[in-house]
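# Geometric and topological summary
Spelled out, the chains give:
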Amino acid sequence: MTSRVEIPDNLSPIINRGVSRIISEEEFTAMLQRGTPLRLKMGFDPSRPDIHLGHVVGLRKLRQLQDLGHQVILIVGDWTAQIGDPSGRSATRTMLTHAEVLENAESYMRQFFKVVDRDRTQVEWQSQWFGEFTLANVIELTSRFTINQFLHREDFANRYSQNQPIAITEMLYPLMQAYDSVVIESDVEFGGTDQMFNLLVGRELQGMMGQTPQQCFMMPILVGTDGVQKMSKSLGNYVALEEPPQEMYGKLMSLPDSLIASYYEYLTDVPDADISEMRQAMESESANPMDFKKRLARYITAVFHDDGAANAAESHFEQVVQRRDLPDDMPEFSIADVADLPINRLLAQTGLAASNGEARRLITQGAVEIIRSDGERISVSAESAPTLAPGDVVRAGRRRYVRVVE
């Protein structure tokens, strides 16, 4: 590992941009100015196989510090993932099998290293230390904290007051995450604002065990494409890193105008001054937000694919969404295979929807239509679905099409 690191003249991009809170900012700043490598911890629970742009906010901060010479340590939570993080949960999370965790971890790391440099990252699996834990170790760890401390945590407090169950394993979760920090001697741990309790437990446990308490570096929560709730796969308002280029570009173009500036701030390297000018231009209505949004969508699509894919995705969007032309090519399905299917099953079977549930949601939202070969457009509702004929095109949402053929 590098013995010295670069000390930037201006620390503001590190401690202010894409940052919600640092505990303690003064201590963290002093550590940066000493010019010695910091051990930067980020843990992830492979409870799901996908990373979305909400995760990228923190990963970009890791890469920023990694490029200065600091050491990134990725903790694969192959034990805590089986419990499930209770942060923000209103109910107990279903436990995963170890096989499910390993499968998710492989996918997760492939995406993680789209942002963070693999060659300069130290990867550690929790099973390296928890696999040797005995009952005596568990009792010794739990003896350092009280139930009362944990019940003051907001999500536990809410569930307790509403007589909702709280599993003992959920109480162990923040302790296990904290012990990770002790094992690797973390200097700084990264997480979203919803992780503050867990990060602070790690800071406190390190102090109890004679280590210098870690700094807690918290990133803001990225609002999803619906413009209301945090980006989440379960809410369907996410942009995944492995989305096809057209889908990624199209989802970003569906952002409310109010989110454009924050997406630039958290997900790009566009200078702060330029983002400030964008905000002013949109507020004064002296510029069209569509132009800023297209630039953003092209930028992010190019980062996770390439310039050619981003340009093609933009051309597709302009043709299909802005001009409402049909795409030049689209999947084709035989009339014999789809004619007798209920419309929700047809959408799921042809890939226009990820599931029957999403299909029903699209239909309810009025986002499904049939386009006849003569150009007539017929909306599909839950009550009525026109009979399909060869040459018809079925559209779901703004960007997904299939053609029915003989």
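Predicted model, so just to flag it, every value in this text is computed and none were measured. (Residues numbered from 1 in each chain as written. Predicted model: local features only at pLDDT ≥ 70, side-chain atom pairs only at ≥ 80, totals over all residues. Heavy atoms only, no water.)

### Here's the deal with the overall build of the chain
What counts, and what does not: The helix count covers DSSP runs of H or I at least four residues long, the strand count covers runs of E at least two residues long, and both are numbered beginning at the N terminus. Here the term buried applies to any residue with accessible area under 20% of the maximum for its type, exposed to any over 50%, and partly exposed to those in between, with areas from a 1.4 Å probe on protein chains only. By the convention used here, residues are in contact when the closest approach between their heavy atoms is within 4.5 Å. All accessible areas in this document rest on Shrake-Rupley with a 1.4 Å probe, and a residue is counted as covered only by the protein chains that are shown. Charged residues are defined narrowly, with Lys and Arg counted positive, Asp and Glu counted negative, and His plus the chain ends left uncounted. Working definition for charges: the position is that of NZ of Lys, CZ of Arg, CG of Asp or CD of Glu.
Counting secondary structure elements, the chain contains 19 helices and 11 strands. C-alpha atoms of the chain, sized along the principal axes, occupy 75 × 50 × 40 Å. Every one of the 406 residues in the chain was classed for burial, and the buried ones make up 49%. Considering only contacts in the chain between residues 6 or more positions apart, those separated by 24 or more positions represent 69%. Within the structure as shown, the chain displays about 19500 Å² of accessible surface, and the carbon and sulfur contribution to it stands at 47%. When the 40 basic and 57 acidic side-chain charges of the chain are each reduced to a single mean position, those positions are 2 Å apart.

### Structural notes on the sheet that holds strand 11 (residues 400–405)
To keep it simple, the criterion reads: Paired strands are those between which DSSP finds at least two bridges. Helix axes use the C-alpha atoms of the stretch in contact, all axes being lines fitted to C-alpha atoms, and the angles between their N-to-C directions lie in the range 0 to 180 degrees.
Pairing is mixed in the open sheet, where five strands are placed in the order 7-11-10-8-9. Unpaired on one side and paired on the other, strand 7 (332–334) and strand 9 (377–379) mark the two borders of the sheet. Shown here is a sheet whose adjacent strand axes are inclined to one another by a mean of 25°, direction ignored. Alignment of strand 10 (residues 393–396) against strand 11, held across four bridges, turns out to be antiparallel. Residue pairing in the sheet places Val 394 in a bridge with Val 402 of strand 11.

### Some thoughts on the packing of helix 12 (residues 245–253) against helix 15 (residues 289–304)
Between two packed helices, the angle of one axis relative to the other and the distance separating the axes together describe the packing. To keep it simple, the criterion reads: Take the far helix as your reference; a near helix turned counterclockwise from it by less than a right angle gives a left-handed crossing, and one turned clockwise gives a right-handed crossing. When residue character is reported, Ala, Val, Leu, Ile, Met, Phe, Trp, Tyr, Cys and Pro are called nonpolar, Asp, Glu, Lys and Arg charged, and the others, Gly included, polar.
At a minimum axis separation of 9 Å, helix 12 and helix 15 run at an interaxial angle of 150°. The handedness of the crossing between helix 12 and helix 15 is right-handed. Contacts between helix 12 and helix 15 involve Pro 245, Met 248, Tyr 249, Leu 252 and Met 253 on the former and, on the latter, Met 290, Lys 293, Lys 294, Ala 297, Arg 298, Ile 300, Thr 301 and Phe 304. Split into classes, the residues belonging to the contact of helix 12 with helix 15 amount to nine nonpolar, one polar and three charged.

### A closer look at the nonpolar core
As a rule of thumb, nonpolar side chains are buried together in soluble globular proteins. Applied cut-off: Take the buried residues of types Ala, Val, Leu, Ile, Met, Phe, Trp, Tyr and Cys, join any two whose side-chain atoms come within 4.5 Å, and each joined set is a nonpolar core. Note that domain bounds follow an automatic or database assignment of domains.
By size, the foremost hydrophobic cluster in this structure holds 65 residues, and its most contacted members are Phe 28, Leu 53 and Phe 112. Here this core spans two domains, since at least three of its residues come from each of domain 1 (12–219) and domain 2 (245–322). Filtering out sequence-adjacent residues up to four positions away, Leu 53 remains in contact with Leu 222, Met 231, Val 239, Leu 241, Leu 252, Leu 267, Ile 300 and Phe 304. The next biggest cluster of nonpolar side chains, apart from the first, holds 20 residues, and it includes Leu 346, Leu 347, Leu 352 and Ile 363.

### Let's talk about helix 13 (residues 260–267)
Counting buried positions over the eight residues of helix 13 gives seven, a clear majority of the element. Looking only at helix 13, the buried set comprises Ile 260, Ala 261, Ser 262, Tyr 263, Tyr 264, Tyr 266 and Leu 267. For helix 13, the secondary structure elements touched by its buried residues are helix 3 (53–66), helix 12, helix 14 (272–283) and helix 15.

### Considering the packing of helix 13 against helix 14
Going by this rule: Oblique is the label for any angle not under 35 degrees, not over 145, and not in the 65 to 115 range, which are roughly parallel, roughly antiparallel and roughly perpendicular in turn.
Viewed as axis vectors pointing N to C, helix 13 and helix 14 meet at an angle of 175°, and their least axial separation amounts to 10 Å. It follows that helix 13 is roughly antiparallel to helix 14 by the angle criterion. Of the residues in helix 14, those touching helix 13 at Ile 260, Ala 261, Ser 262, Tyr 264 and Glu 265 are Ile 275, Met 278, Arg 279 and Met 282. Looking at side-chain class alone, the contact of helix 13 with helix 14 contains six nonpolar, one polar and two charged residues.

### Re the packing of aromatic side chains
Here is the rule: Pairing of aromatic side chains here covers Phe, Tyr and the six-membered ring of Trp, requires ring centres within 6.5 Å, and sorts the geometry by plane angle: under 30 degrees stacked, over 60 edge-to-face, intermediate tilted. By the criterion adopted, a ring carries a charge over it if an Arg CZ or a Lys NZ lies within 6 Å of its centre and within 35 degrees of its normal.
With the rule as written, the count across this model stands at 12 aromatic pairs. Look at Phe 130 and Phe 133: their rings are 5.1 Å apart centre to centre, the planes differ by 80°, and that puts the pair in the edge-to-face class. Using a relative accessible area of 2% as the deciding quantity, one classes Phe 130 as buried. A relative accessible area of 23% places Phe 133 in the partly exposed class. These aromatic residues form a ring-pair network of at least three members: Trp 79, Trp 129, Phe 130, Phe 133 and Tyr 179. A cation over a ring is seen here: Lys 251 above Tyr 238, with NZ or CZ 4.1 Å from the ring centre.

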